[in-house]
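# Observations on the three-dimensional arrangement
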Amino acid sequence: RSCSSSSTSSSNGGGGGGGMQVSQIMEFMAGEEVEKLGVAFNGSPPDAVTIKGLQNGSWGSTAGFQVGDSLLSLNGIALEELSQDDFKSALKDIRPLTFMVSRTTAAEEDDPDGGLIGIEADESVDRLGLAFNGTPPEEAVMIKAMQPGSWSESAGFVVNDEVVTLNGVALSEMPTDVFKQLLKEQRPLRFGIRRV
């Protein structure tokens, strides 16, 4: 249902140490079997469009949308390039229809990742599909590549992300063999990521 998602963190510019905001870009595709979307919108192109409501039991309610998501594009066409009629027609008639949305959430105050981006591989993840530059504890560990179609590609990693912690333990204090063993065998495995 959800093709991909990525996370970026940005700090509010206000004083008083305003909370972190995390923005995620997500894709959802309605296949040819989806007749009714069950999604209600606020606004219409070329103006901003956000999700106002989701019909219970509909495709929209199970696809992963959340009220407040901002719609960025339909089938790769930016909303500002669509007319109101094109938008309505696409929602009603065009399948498959790929939605790209942006979701902004406030990061939790008691951030377990200490201001880092947290990405977790749960027990269902066998192969991570990640390639790294550098090995701990002497070198910084950076994401070199994600294997196409793997868990890591859809989990939100970006090339050149720095892996700072694994399950809360700093890589600067982690022997190389422990690092390799955690990647291979430890689930759930939580990555603390610093993104430049």
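Structure: see above.
Conventions we followed
Residues numbered from 1 in each chain as written. Predicted model: local features only at pLDDT ≥ 70, side-chain atom pairs only at ≥ 80, totals over all residues. Heavy atoms only, no water. 1 Å grid on protein atoms, 1.4 Å probe; cavity = no way out; pocket = protein on both sides within 12 Å on 5 of 7 lines; lining within 4 Å. Points joined across faces, edges and corners; volume = space filled by probe spheres on them. Helix = DSSP H or I, 4+ residues; strand = E, 2+ residues; numbered from the N terminus. Nonpolar A, V, L, I, M, F, W, Y, C, P; charged D, E, K, R; others polar. Core = buried A, V, L, I, M, F, W, Y, C linked by side-chain atoms within 4.5 Å. Buried < 20%, exposed > 50% of the residue type's maximum accessible area, 1.4 Å probe, protein only. Contact = heavy atoms within 4.5 Å. Salt bridge = Lys/Arg side-chain N within 4 Å of Asp/Glu carboxyl O. Pairing = 2+ DSSP bridges. Phe/Tyr/Trp six-rings, centres within 6.5 Å; stacked < 30°, edge-to-face > 60°.

### What to know about the layout of surface pockets
By volume, the second largest pocket amounts to about 190 Å³. Around the second largest pocket, the lining residues are D126, R127, L128, G129, L130, F132, L183, K184 and R187. Secondary structure elements with two or more residues in the lining of the second largest pocket: β9 (130-133) and α4 (176-185). Taken together, the residues of the lining of the second largest pocket sort by class into four nonpolar, one polar and four charged.

### Points about the nonpolar core
Within the largest apolar cluster, 22 residues are counted, with the highest numbers of intra-cluster contacts made by F41, W59, F65, L71, L74 and F99. Taken together, the elements giving at least two residues each to this core come down to β2 (20-30), β3 (39-42), β4 (49-54), α1 (59-63), β5 (70-74), α2 (84-93) and β7 (97-106). Apart from the residues lying within four places of it in its own chain, the contact partners of F41 are V49, T50, I51, K52, L71, F87, L91 and F99. With 21 residues, the next largest nonpolar core counts I119, A121, I143 and L183 among its residues.

### Comments concerning the pattern of salt bridges
Counted according to the given criterion, the structure contains four salt bridges. Of the charged contacts, one joins D161 and R195 as a salt bridge, the two residues approaching to 2.8 Å between their closest N and O atoms. Taken together, the residues D161 in the loop between α3 (151-155) and β11 (162-166) and R195 in the segment after β13 (189-194) connect sequence positions 34 residues apart. For D161, a relative accessible area of 1% translates into the label buried.

### As for the pairing of strand β10 (residues 141-146)
Where β9 meets β10, four bridges bridge the pair, whose relative direction is antiparallel. From the neighbouring strand, F132 faces β10, where its bridge partner is I143. Here two bridges tie β10 to β11, and the two strands are oriented antiparallel to one another. In the strand pairing of β11, M142 is matched with E162.

### Regarding the packing of aromatic side chains
Counting across every chain of the model gives nine aromatic pairs. Seen in terms of ring centroids, W151 and F157 are 5.6 Å apart; in terms of plane orientation they differ by 70 degrees. Their pairing is edge-to-face. For F157, a relative accessible area of 4% gives the class buried. Taken together, the ring pairs connect F28, W59, F65 and F99 into an aromatic cluster.

### Some points on the side chain of S73
Of note, S73 is situated in strand β5. Beyond its immediate sequence surroundings of up to four residues, S73 is in contact with A78, L79, T98, F99 and M100.

### Brief notes about the environment of S58
Here S58 shows up in the loop between β4 and α1. Between the C-alpha atoms of S58 and L37, which are 21 residues apart in sequence, the distance is 6.5 Å. With residues up to four places along the chain from it excluded, the contact list for S58 reads L37 and G38.

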